[in-house]
Amino acid sequence: MNKDNLKKIEDIIESFFFREDDLNKKVITASNEAIKNGGKRLRPLIMFETYKAVAGAEYDEGVIAPFLAAIEMIHTFSLIHDDLPAMDNDKLRRGKPTTWVSHGEDMAILAGDMLCVQAFEIISEKMQDVEDIIILKRMSKALYTLARATGGFGMIGGQCVDVEYCGKKMSEDVMRYTYSLKTGALLQASFVIGGILAGANDEEIKMLEKAGSYIGEAFQIRDDYLDIVADEKELGKPTHSDEKNEKTTYVNIVGIDESLRRVESLSADAKKCLKEVRGNMNSIFEIIDMMVNRTS
């Protein structure tokens, strides 16, 4: 992965942080710290690389910058809430205390809430300065895509099913539905938003949607696998969390070997789809390989 691009992503995200100097600074400090607490920045990286590949000479960092920060804010919001006692009750995230442990359960809830709203605030603020109607329409479509991927028919909806089925037997169909929303929705949105903002046509958007769906499922299966086999220090969060919370996972249903084969197959399918989209996708292929072979 290109370290310069990662550094650029980090700088863009932090440029949208709220200042920590008013009476509300406790919640802002908690949210800023949660984002700065490591992370691979996979979603903004995918979005950034997809945008650059499709846009080519029409590349404009100012258009995509708030979306890069926003998707990481939403992802971080989901992690803050996922770690809460009422959810997974985890005390470690990326090798450090979770937000509710460091700042209290009340501030963790508020920090997550704030990040979700902040994501859409920074995009809509930027849209007010855009005069090109074509770019503005693209941004509007991308904004809707991000909102849909976040809410009841996206990540939050997937979390709902995940919570409801704790301690209950989950069929493979229900599990894959949950994965497609809980993990897949934001990853899929990363591909799609990059394409929308770059002016991808309808067929290319469909291919980006399919690629994102495949990668979302592969990523979650790999996550299930790591929860069983990884070292807690290397993973940076508690292992056997799914077992502790009595969750059905892909590995539970089909076993480790078939799970790993499925990850490989899904990754190959995603790359086939991306080859149908204009631009050089090699950097995205590298990100995919890193995601599905990761050890943490």
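Residues numbered from 1 in each chain as written. Predicted model: local features only at pLDDT ≥ 70, side-chain atom pairs only at ≥ 80, totals over all residues. Heavy atoms only, no water.

**Quick notes on the overall build of the protein chain**
In step 1: Secondary structure summary: the protein chain contains 16 helices and two strands in total.
In step 2: Its C-alpha atoms give the protein chain a radius of gyration of 18 Å, within 12% of the compact-globule value 19 Å for 296 residues.
In step 3: With the C-alpha coordinates aligned to their principal axes, the bounding extent of the protein chain is approximately 50 × 50 × 35 Å.
In step 4: By residue count, 52% of the 296 residues in the protein chain fall in the buried class. (Helix = DSSP H or I, 4+ residues; strand = E, 2+ residues; numbered from the N terminus. Rg over C-alpha atoms; globule rule 2.2 N^0.38 Å. Buried < 20%, exposed > 50% of the residue type's maximum accessible area, 1.4 Å probe, protein only.)

**Thoughts on the packing of helix α1 (residues 3-15) against helix α4 (residues 61-82)**
In step 1: Where α1 contacts α4, the two axes come as close as 9 Å, and the packing angle between them is 80 degrees. Considering their axes alone, α1 and α4 lie roughly perpendicular with respect to each other. Contact residues: α1 offers Lys8, Ile9, Ile12 and Ile13, while α4 offers Glu61, Ala65, Leu68, Ala69 and Glu72. (Axes fitted to C-alpha atoms, helices over the stretch in contact; angles between N-to-C directions. Parallel < 35°, antiparallel > 145°, perpendicular 65-115°, else oblique. Contact = heavy atoms within 4.5 Å.)

**Describing the confidence of the model for the protein chain**
In step 1: When pLDDT is averaged along the protein chain, the result is 91; 93% of the residues meet or exceed 70.
In step 2: Predicted confidence in the protein chain is weakest over helix α12 (residues 232-235), with a mean pLDDT of 54, and strongest over helix α7 (residues 133-150), with 98. (pLDDT = per-residue confidence, 0-100.)

**A few points about unusual backbone geometry**
In step 1: Positive phi is not limited to glycine here, since Arg41 has a value of about 60 degrees.
In step 2: As for its position among the elements, Arg41 is in the loop between α2 (25-36) and α3 (42-55).
In step 3: Residue classification places Arg41 among the buried residues on the basis of a relative accessible area of 3%.
In step 4: The backbone of Arg94 shows a phi angle near 55 degrees, a positive value even though the residue is not glycine.

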